[in-house]
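An overview of the molecular structure
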Amino acid sequence: MNNAVSLSVAALIAVGIIVIGCFYLVSPERISGTFGLKPPASDADTRAWLRPKGIRDVVAGLVVLAMMLTVDSRAVGIALLVEAVIPFGDMSIILGSGGSKSRAFSIHGVTCAVMLVVGLLLIHAV
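Residues numbered from 1 in each chain as written. Predicted model: local features only at pLDDT ≥ 70, side-chain atom pairs only at ≥ 80, totals over all residues. Heavy atoms only, no water.

**Regarding the packing of helix α4 (residues 73-83) against helix α5 (residues 85-96)**
The following threshold applies: Convention adopted: a line fitted to C-alpha atoms gives each axis, helices being fitted over their contacting stretch, and angles between N-to-C directions are expressed from 0 to 180 degrees. In DSSP terms, a helix is any run of H or I states spanning at least four residues, a strand is any run of E spanning at least two, and both are numbered starting from the N terminus. Reported orientations rely on four angle classes, namely roughly parallel under 35 degrees, roughly antiparallel over 145, roughly perpendicular from 65 to 115, and oblique for the rest. Any pair of residues with heavy atoms lying within 4.5 Å of one another is described as a contacting pair.
Packing of α4 against α5 leaves a shortest axis separation of 5 Å and a crossing angle of 15°. Relative to α5, the element α4 is oriented roughly parallel. Along its contact with α4, which presents L81, V82 and E83, the element α5 presents V85, I86 and P87.

**Let's talk about a nonpolar patch on the surface**
Heads up, the condition is: Here the term patch refers to residues with relative accessible area over 30% and no salt bridge, with like charges joined within 9 Å and nonpolar side chains (Val, Leu, Ile, Met, Phe, Trp, Tyr) within 5 Å. Where accessible areas are quoted, they stem from the Shrake-Rupley method and a 1.4 Å probe; at the residue level, only the protein chains shown are allowed to cover. The term salt bridge refers to a pairing of a side-chain nitrogen on Lys or Arg with a carboxyl oxygen on Asp or Glu at a separation within 4 Å. Here the term buried applies to any residue with accessible area under 20% of the maximum for its type, exposed to any over 50%, and partly exposed to those in between, with areas from a 1.4 Å probe on protein chains only.
Taken together, the side chains of V15, V19 and F23 define a hydrophobic patch exposed on the protein surface, amounting to about 230 Å² of accessible area. Mapping V15 onto the fold places it in helix α1 (residues 3-26). What makes V15 partly exposed here is its relative accessible area of 43%.

**Details of the pattern of salt bridges**
Counted by the stated rule, this structure contains four salt bridges. In this structure, the salt-bridge partner of E29 is R47, at a minimum N-O distance of 3.8 Å. Placement of the pair is E29 in helix α2 (residues 28-31) and R47 in helix α3 (residues 44-70), with a sequence separation of 18 residues. The class of E29 is partly exposed, set by a relative accessible area of 37%. Between R56 and D57 there is a salt bridge; the shortest N-O distance is 3.3 Å. Residue R56 is classed as partly exposed on the basis of its relative accessible area of 29%. A relative accessible area of 2% means that D57 is categorised as buried. Each of K53, R56, D57 and D90 takes part in one network of salt bridges that share partners.

**Side note on α3**
This is how the line gets drawn: Here the expected length of a helix is defined as 1.5 Å per residue gap, with one fewer gap than residues. As used in this structure description, the phrase polar contact means that two N or O atoms lie within 3.5 Å; if the pair is within protein, one of them must be able to donate a hydrogen and the other to accept it, and residues adjacent in sequence are counted only when both atoms belong to side chains.
Look at α3: 39 Å from first C-alpha to last across 27 residues, which is about the 39 Å you get at 1.5 Å a residue. The set of residues buried in α3 consists of T46, L50, K53, G54, D57, V58, A60, G61 and V64. Where α3 is buried, its residues meet α1, α2, α4 and α5. At the N-terminal boundary of α3, the capping side chain belongs to D43, with an oxygen 3.2 Å from the backbone nitrogen of D45.

**Details of α1**
Here α1 spans 35 Å end to end across 24 residues, near enough to the 34 Å set by a 1.5 Å rise per residue. Within α1, burial applies to S6, A10, I13, A14, I18, G21 and Y24. Where the residues of α1 are buried, they touch α2, α3, α4 and α6 (101-124). Where α1 starts, the residue carrying a side-chain oxygen 3.1 Å from the main-chain nitrogen of A4 turns out to be N2.

Here's what the structure looks like:
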C-alpha cells in the first residue's frame, strides 16, 4: 500500500469515526445498540452518559484530520497507533462485559487492526 492510499484510508477512518460520534451526540439511543453491548435504558440520564463517547469519537477523528493537514505522514501514523487503543479498549470492554463477540471483533477489532496496519505503513513510508 503506498503512502497516498494509506493516507486515504486514514482519512476514511477519521471521517467514519466523526460520523459515528455525531450519531452519539444527536441520537445516542439509536446508535448505542450497534456498539456491541446490550442497549441501555433510553432515558435522559443515559443519553447524557452516552454523549461523551460521541465527543471522544469526533475529537479522535478531528485529531487525525488536523494532523494530516499540518504534519508529515509519520506523525499521522503515530497518532493512528496511539488512537488504536480506543477500539481495542472498546473491544475489551464488550468482551469483558459479555457483549456481542461478533461485534467486538468485527467492528472494534477490525478497526483497531486497520488503524495499526495503516499507522505502521505511514511510519515506515517516510
